[in-house]
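Coordinates in review
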Amino acid sequence: MVDTLGVAVVGFGWMGRVHTQAYARLPHHYPRLPLRPELVTVAEEVPGRAEQAAEQFGFASATRDWREVAADPRVRAVSITAPNFLHREIGVAMAEAGKHIWIEKPVGLTADDARAVAEAVAKAGVQSAVGFNYRNAPAVETARELIASGELGTVTHARIRLFSDYAAHPEGALTWRYERERGGSGVLGDLASHGADLARYLLGDIASLTADTAIFVPERARPTGATAGHSRATGGELGPVENEDYVSALLRFASGARGVLEACRVSVGEQNNYGFEVHGTKGAVFWDFRRMNELGISRGTAYQDQPVSTVYVGPGHGEFAAFQPGAANAMGYDDLKVIEAYRFLRSIAEGTPHGATLPDAVHSAVVLDAMARSAESGAWVTVDARG
């Protein structure tokens, strides 16, 4: 028997659209899931955007006020895809209203914001999911299993990179993303949050770190109207970019392994160059998001001149079988959000967390706060493994 779950989406920019499409695709990829999402309402403060979303995607109603969602008895689960500065207020309110929440990273502006939402969720006894989508890639899950199995030996060092050009154009609009008050951190929250999550997911807790940050595009034009995504603006009043374009960090893991995490939003010539390299005493594993369904694996007993093989993930690896019938058939970014939606609804159905949850968001946020403190002081900073 399939139960209907009333869902809402708060904030309908690009990510709100991605969440909505993921809900719609769930019955196609996971027909045995005992919950069937029903699009109840969408909230977006930009005039006309919620109504347009309702018409296009089939929400039963639309509103400009997210508080109406919290009060709506039809809604049992909420996607929070609003700007970062609203995450804490909306997340706490939805949890207190008894709604399960699927919230985008970095869950607020600071680790304190993430903790507040996590505590509200725990107190209310509702389920949560967080948008750390890259850990959902079947190849990444396979890499994690390979590392845990010991086939690579003892992990010695790793490098995690997240390079993109979405903010590289000097005419990129000065949106909330570049303001401390509304965006909080810059590339730390946008990209390094994923890196911190991948580091912990693959290799365990980070014990300490030292970091450096920089702003490379110091001024941008203020937009004259509503924006979505990474819009351009010309002719507007120039304002300062208040948060970092770039971060690099040296990591020391609790296991003794060493790591490098580097992220940049203004890397000309780089489009979503995200990935990792993990080296052990007997082998290594390599992953590139742009070739999402492949792993480079080196294992054996040769040590020196040991070759690297390309392995294509397929059925039997992670959630691959829900999307494609055979290895080397491509999956894409949106598929990772369908997996995220599936694990969110499975958590609700079973009352047991599956996938990335708010405690994971807290751990990531603690690492980001440590990076910010280190960049300011120039010193090594201890990371609280408790979150």
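Each remark here, short or long, concerns the structure printed above.
Here we summarise the structure given alongside this text.

Conventions and cut-offs
- Residues numbered from 1 in each chain as written.
- Predicted model: local features only at pLDDT ≥ 70, side-chain atom pairs only at ≥ 80, totals over all residues.
- Heavy atoms only, no water.
- Helix = DSSP H or I, 4+ residues; strand = E, 2+ residues; numbered from the N terminus.
- Expected span 1.5 Å × (residues − 1).
- Bend = angle between axes of the 7 residues up to and from the residue.
- Buried < 20%, exposed > 50% of the residue type's maximum accessible area, 1.4 Å probe, protein only.
- Contact = heavy atoms within 4.5 Å.
- Pairing = 2+ DSSP bridges.
- Salt bridge = Lys/Arg side-chain N within 4 Å of Asp/Glu carboxyl O.

**Regarding helix 1 (residues 14-29)**
Taking 1.5 Å as the rise per residue, helix 1 with 16 residues should run 22 Å; its terminal C-alpha atoms sit 22 Å apart, in good agreement. Tyr23 marks the point of greatest bend in helix 1, at about 30°, and the proline Pro27 comes within the next four residues. Burial in helix 1 covers these residues: Met15, Gly16, Val18, His19, Thr20, Ala22, Tyr23, Leu26 and His29. Among the structural elements, strand 1 (3-10), strand 2 (35-43), helix 2 (49-57), strand 4 (77-80), strand 5 (100-103) and helix 9 (333-350) are those in contact with the buried residues of helix 1.

**Observations regarding the pairing of strand 15 (residues 294-298)**
Burial analysis of strand 15 places 5 of its 5 residues in the buried class, the great majority of the element. In this structure, strand 14 (residues 284-288) lies alongside strand 15, joined through 3 bridges in antiparallel fashion. Across the sheet, Phe286 pairs through a bridge with Gly296, a residue of strand 15. Between strand 14 and strand 15, which follow one another and run antiparallel, lie 5 residues.

**Focus on the pattern of salt bridges**
Tallied over the full model, the rule gives 27 salt bridges. In this structure, Arg76 engages Asp3 in a salt bridge whose closest nitrogen and oxygen atoms are separated by 3.2 Å. Placement of Arg76 in the loop between helix 3 (66-70) and strand 4 and of Asp3 in strand 1 is noted, with a sequence separation of 73 residues between them. Judged by its relative accessible area of 33%, Arg76 is partly exposed. With a relative accessible area of 38%, Asp3 lands in the partly exposed category.

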